[in-house]
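# Structure assessment
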Amino acid sequence: MDVPEISNRSERQLWSRRGVLAVLGAVPAGVLTACSGSADASETKSATGGTGSTPSGTTKSQVKAPTVTVIPADGTKRADFANPVEVTVADGTLSSVEVTGDDGATLAGSFNDARTRWTSGRNPYSDTAYSVTVKAQGAEEYTAEFSTKAPGETFVGYFTPEANSTSGVGMPVSINFTRAVKDRAAVQKAITVTAEPAVDVVGHWFSDTRLDFRPEDYWAAGTKITLSLRLKDVEGTDGVYGTQSKDVVFHIGREQISTVDLAQKTMTVRRDGKTLATYPVTGGDADHTTWSGIMVISERFKETRMESSTVGLGDEYDIPDVPHAQRLTTSGTFIHGNYWAAASVFGTTNASHGCIGLRDTQGANDGSTPGYAFYKGSMLGDVVVVKNSGEDTVAASNGLNGWNLPWSDWQAGSAL
């Protein structure tokens with residue numbers, strides 16, 4: 001929003017003073033020139049606008065009035081928002097400075113030791129109108145107004161998990177940006193993740209569009225996590241600026257860690273340190289081995305369609321109603337119910353195309369089956385550890401699976 005120009009403020013101040021007509025008759029025109037916000041050149045003004053005292057042995061005409069300068073200057077429109085607001089005074093000291101945006105927020109700042117300069121602690125926001133009120137010793141109150149330009153191109157970060165959600169102990173905070181980030185340090189500096197109870201949380205860049213945060217070990221059950229996004233006007237790449245300034249809170253629920261042993265064809269579910277259940281499973285066969293390593297449930301579907309063509313396996317299968325499917329990797333690994341295999345397969349044979357299957361029934365409504373029970377007791381962010389699969393460890397970036405990186409390697413991926 002543009003702010004109307006306030007023109008000739010200095011002139012109105014000069015012409016409104018008592019006795020100015022008399023002065024005009026006696027003082028050369030050059031003496032009348034004054035900067036915005038200064039007192040008349042022939043007087044010293046106090047902070048309240050009254051006539052100040054003159055130092056002993058000095059005439060009023062020899063005393064220089066304080067001169068206030070604001071950058072961006074009064075009346076500026078489309079000011080650059082990449083620099084702080086600065087207020088200086090010549091021939092005086094600053095008493096107070098207040099900078100308020102049309103969003104109601106104020107810009108805090110600090111004075112230099114001599115109180116002749118004030119600088120805002122952060123830059124003004126883009127596309128915002130600001131008013132500046134300055135009080136200087138020996139001068140009338142000075143006000144200025146300016147507005148900043150809007151950014152040209154912008155980006156945002158989409159975050160996981162959802163705001164106010166509750167997740168399992170393995171859920172990282174994952175942010176995907178809509179534009180590639182060139183200045184990773186600037187963007188990461190503008191994002192903080194804090195935990196209660198406190199734990200060191202570090203960011204790791206998987207690519208120029210993805211930044212994940214996690215602690216060294218799984219979150220403690222019951223942890224409160226706060227994501228603070230201060231991306232507004234942060235330049236992620238040349239001429240492309242962030243728009244978000246918000247805090248988001250997540251919660252961690254109970255701890256559930258399930259271990260799949262594909263040599264034994266079993267899955268043991270432990271909750272809060274106690275064994276909850278052991279289920280017979282089937283994993284990937286010799287031609288379609290299941291990824292090993294630590295995986296985190298990232299999506300959940302009571303029923304979903306699975307087509308082999310979506311994972312590069314041609315037309316080997318197309319099942320429209322796979323029950324109780326929970327995603328473990330972006331590349332297509334799920335742990336899900338299976339109604340089409342014989343009951344004898346579970347616990348004895350690895351016969352899938354890479355997923356982990358539990359016995360289930362078509363329709364996803366039979367509460368007596370392992371597939372139903374495991375799905376009902378799970379949540380996003382729960383951990384599933386696969387071992388003895390005959391396959392390599394899953395890539396840390398393939399899903400929400402950064403736990404597969406040693407802590408030192410995770411820290412090495414930070415830009416700070």
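Residues numbered from 1 in each chain as written. Predicted model: local features only at pLDDT ≥ 70, side-chain atom pairs only at ≥ 80, totals over all residues. Heavy atoms only, no water.

### Side note on the side chain of Arg210
Formally: The helix and strand labels rest on DSSP assignments: H or I over at least four residues marks a helix, E over at least two residues marks a strand, and numbering proceeds from the N terminus. Whenever two N or O atoms come within 3.5 Å, that pair is a polar contact, provided that in protein one can donate a hydrogen and the other can accept it, and provided that, for residues adjacent in sequence, both atoms are side-chain atoms. Here a residue-residue contact requires only that any non-hydrogen atoms of the pair lie within 4.5 Å.
By the element assignment, Arg210 lies in strand β14 (residues 210–214). Polar contacts involving the side chain of Arg210 include one to the main-chain carbonyl oxygen of Gly399, which spans 2.9 Å. For Arg210, the residues in contact, after removing those within four places along its chain, are Ser174, Ile175, Asn176, Phe177, His204, Trp205, Ala396, Ser397, Gly399 and Leu400.

### Overview of the pattern of salt bridges
Our working definition: In the sections that follow, a salt bridge refers to a side-chain nitrogen of Lys or Arg positioned within 4 Å of a carboxyl oxygen of Asp or Glu. Exposure categories follow from relative accessible area, calculated using a 1.4 Å probe and restricted to protein chains: below 20% of the type maximum is buried, above 50% is exposed, and the middle band is partly exposed.
Overall, the coordinates contain ten salt bridges when judged by the stated rule. Of the charged contacts in the structure, one is a salt bridge between Arg117 and Glu86, with a shortest N-O distance of 2.9 Å. A residue pair is termed long-range when its members are at least 10 positions apart, and Arg117 in strand β5 (residues 117–120) and Glu86 in strand β2 (residues 86–90) qualify at 31 residues. Here Glu86 falls in the partly exposed class, since its relative accessible area comes to 25%. Connected through shared salt-bridge partners, Arg305, Glu307 and Asp318 make up one network.

### So, the sheet that holds strand β27 (residues 383–387)
Short version of the rule: In this description, strands pair whenever DSSP reports at least two bridges between them. Angles shown run from 0 to 180 degrees and are taken between the N-to-C directions of axes, each axis being a line fitted to C-alpha atoms and, for helices, limited to the stretch in contact.
The nine strands lie next to each other as β22-β27-β19-β20-β21-β26-β25-β24-β23, forming an open sheet whose pairing is mixed. A single partner strand is all that each edge strand has here, and the edge strands are β22 (293–296) and β23 (299–307). On average, each strand axis in the sheet is tilted by 35° relative to the strand beside it, whichever way the strands run. For strand β20 (residues 266–271) and strand β21 (residues 274–282), the ladder comprises six bridges, and the chain directions are antiparallel.

### With respect to the sheet that holds strand β8 (residues 153–155)
Within the open sheet, the three strands sit side by side as β8-β17-β16. Their pairing is mixed. The sheet is open, and its two borders are formed by β8 and β16 (235–237), each paired with just one other strand. In this sheet, neighbouring strand axes are inclined to one another by 45° on average, regardless of whether the strands run parallel or antiparallel. Relative to strand β17 (residues 240–242), β16 runs antiparallel, the two being bridged by two bridges. Its bridge partner lying in β17, Thr237 is registered against Val240.

### Observations concerning the confidence of the model for the protein
To keep things clear, this is the line we draw: Per residue, pLDDT captures the predictor's confidence, and it can take any value from 0 to 100.
Per-residue pLDDT for the protein has a mean of 88; in total, 85% of the residues score no lower than 70. Across residues 1–54 the pLDDT falls below 50, and counting only partners more than four positions away or on other chains, this stretch makes 81 contacts in the model.

### Topic: the packing of aromatic side chains
Keep this limit in mind: Stacked, tilted and edge-to-face are the three classes assigned to paired rings of Phe, Tyr and Trp, where Trp is represented by its six-membered ring and a pair needs centres within 6.5 Å; plane angles under 30 degrees give stacked, over 60 edge-to-face, the rest tilted. Whether a charge sits over a ring comes down to the Lys NZ or Arg CZ being within 6 Å of the ring centre and within 35 degrees of the ring normal.
Using the criterion set out here, one finds eight aromatic pairs in the structure. Among the aromatic residues, ring-to-ring pairing joins Phe155, Phe177 and Trp205 into one connected group. Of note, Arg214 hangs over the ring of Trp410, and the distance from its end group to the ring centre comes to 4.8 Å. The aromatic ring of Tyr375 is capped on one face by Arg300, whose charged end is 4.1 Å from the ring centroid.

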